[in-house]
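One-letter residues, chain by chain:
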Amino acid sequence: MEKQQSGNGASAMKNENVASKLGVSFKNSIKKFANPKFSASYVAKIAILTAISFILYAFAKFSLPFMFPSFLDMQISELPALLAGFSMGPVSGCLVIILKCLFKFPMTGTAYVGEATDILMGIALVLPASIIYSIKKDKKHAFIGLLVGTCAFVGAGLIVNRFISIPFYAKAFGFEAIIGMVSALYKNVTVDNFYAYYLPLAVLPFNLIRCIIMSALTFVLYKRLSVLLHWEGDSLRKDKVYGKHKVKTEADTYALADKVANMLDGGEVILLSGELGAGKTTFTKGLAKSLGIQEEVTSPTFTILNTYDSGRIKLNHLDMYRVESSDELAELGVEDCFDDEAVTVIEWNKFDSLKGKIIEISISQDNENRIFEISKRGNSATEQNEINISNTNDLKDAVSKGLNETVGNANDENIVTTDTPTLDD
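An account of the accompanying structure is given in this report. (Residues numbered from 1 in each chain as written. Predicted model: local features only at pLDDT ≥ 70, side-chain atom pairs only at ≥ 80, totals over all residues. Heavy atoms only, no water.)

### So, the overall build of the chain
Point 1. Tallying secondary structure elements over the chain gives 14 helices and 11 strands in all.
Point 2. Per-residue burial over the chain gives 45% buried out of 425 residues.
Point 3. Considering only contacts within the chain whose residues lie at least 6 apart along the sequence, 69% involve residues at least 24 apart.
Point 4. For the chain, the exposed area adds up to about 21600 Å²; of that, 58% sits on carbon and sulfur atoms. (Helix = DSSP H or I, 4+ residues; strand = E, 2+ residues; numbered from the N terminus. Buried < 20%, exposed > 50% of the residue type's maximum accessible area, 1.4 Å probe, protein only. Contact = heavy atoms within 4.5 Å. Areas by Shrake-Rupley, 256 points an atom, 1.4 Å probe, with all protein chains shown as cover.)

### Overview of the packing of aromatic side chains
Point 1. Summed over the entire model, instances satisfying the criterion amount to 17 aromatic pairs.
Point 2. For the ring pair F105 and Y112, a centre distance of 5.0 Å and an interplane angle of 40° mean the geometry is tilted.
Point 3. Judged by relative accessible area, F105 falls into the partly exposed class, the value being 25%.
Point 4. For Y112, a relative accessible area of 43% gives the class partly exposed.
Point 5. Above the face of the Y57 ring, K100 is positioned so that its terminal group lies 4.0 Å from the ring centre.
Point 6. The ring centre of F163 lies 5.1 Å from the NZ or CZ of R162, which sits over that ring. (Phe/Tyr/Trp six-rings, centres within 6.5 Å; stacked < 30°, edge-to-face > 60°. Lys NZ or Arg CZ within 6 Å of the ring centre and 35° of its normal.)

### With respect to the pairing of strand β9 (residues 357-366)
Point 1. Where strand β4 (residues 268-273) lies against β9, 6 bridges are found, and the strand directions are parallel. Bridged to I270 within β9 is I359.
Point 2. Inspection of the sheet shows β9 paired to strand β10 (residues 369-376) by 8 bridges, in the antiparallel sense. Within β10, the position partnered with Q365 by the bridge is R370. (Pairing = 2+ DSSP bridges.)

This is the structure in structure tokens:
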């Protein structure tokens, strides 16, 4: 009985957490309209995606008369709306759907009925897909979201054709005219059995094919367009990051973190090294801000791992200061947080072995300044082979060797400086 109550309590907490994330997703999406910091870039992205969607909707379409009735046009105009929903939230995706249909109104050939039903069907696809993806931004939830959206889209297509579109066209042009347009495909179709042929043999497979194509393209394009879709008005040019950077203030640290964030696309492991109070957590906060993380970032000294997934890339923040060894990490299952969809920041690394896209950031004090030395681990054999590190002393040796191979013996001429006030501890 106690186990059942405990299970019910855990389930209730899980449902509450999901509901909370859904609320945050909608709130953040709506907030884009009012927050001046994001308004210009947000409007620009919505305008571009809407324009592409309208072009695909109004012009880039074709029929497949050998498979479906000629009045069913194959097009993928919901694709930009899916990209908007995944990158900027459900409200943004629905907004693209509505705008592209409104722009089509002056060109309507269906007395606006076709455009109105396309709004309903488009929202049925984009809304659930983007909501589910916003819960946890990984491939699994993207797939589930697109699957649910596909089912909703196909279901909405059956409903609007049965109760809105066909009844309207039958009243406007006569049912016999519609029968004549489909009789070449369905020889035995009549007014009485029209829906038995048209809905399962035309509407259902037609919309299913459309969704499969759009879902596949979303998977292919979203990651590749991530930098553009999450652009917030800054220059898209990647500034020089690797090397030494001298900072004096917290604002300088955030600016450097922003440069690092601009070159991340998921799967990177960032190793932060430095004394207590060097600015490791401050740098991580700046990184999270630049990735679009909405939650407050705190040091995971006691929790070991904090995960933030409200930004364009999920962020894992590890602090291993209190961890004794890699065996303890294995017992805690911390290694499971590494994946290609997330950026992982590690303070006081205790992993015995690391591989993949590893960025090392060493922080040291120089009078009133802090020196951030950023390097990509190795550039030849060390990039291809796993580096085994048995303890923190070995880690320092490996970092030193990697720095010699990648950036050489950097001198003060390569240090980026600023003339702003001193950074407080």
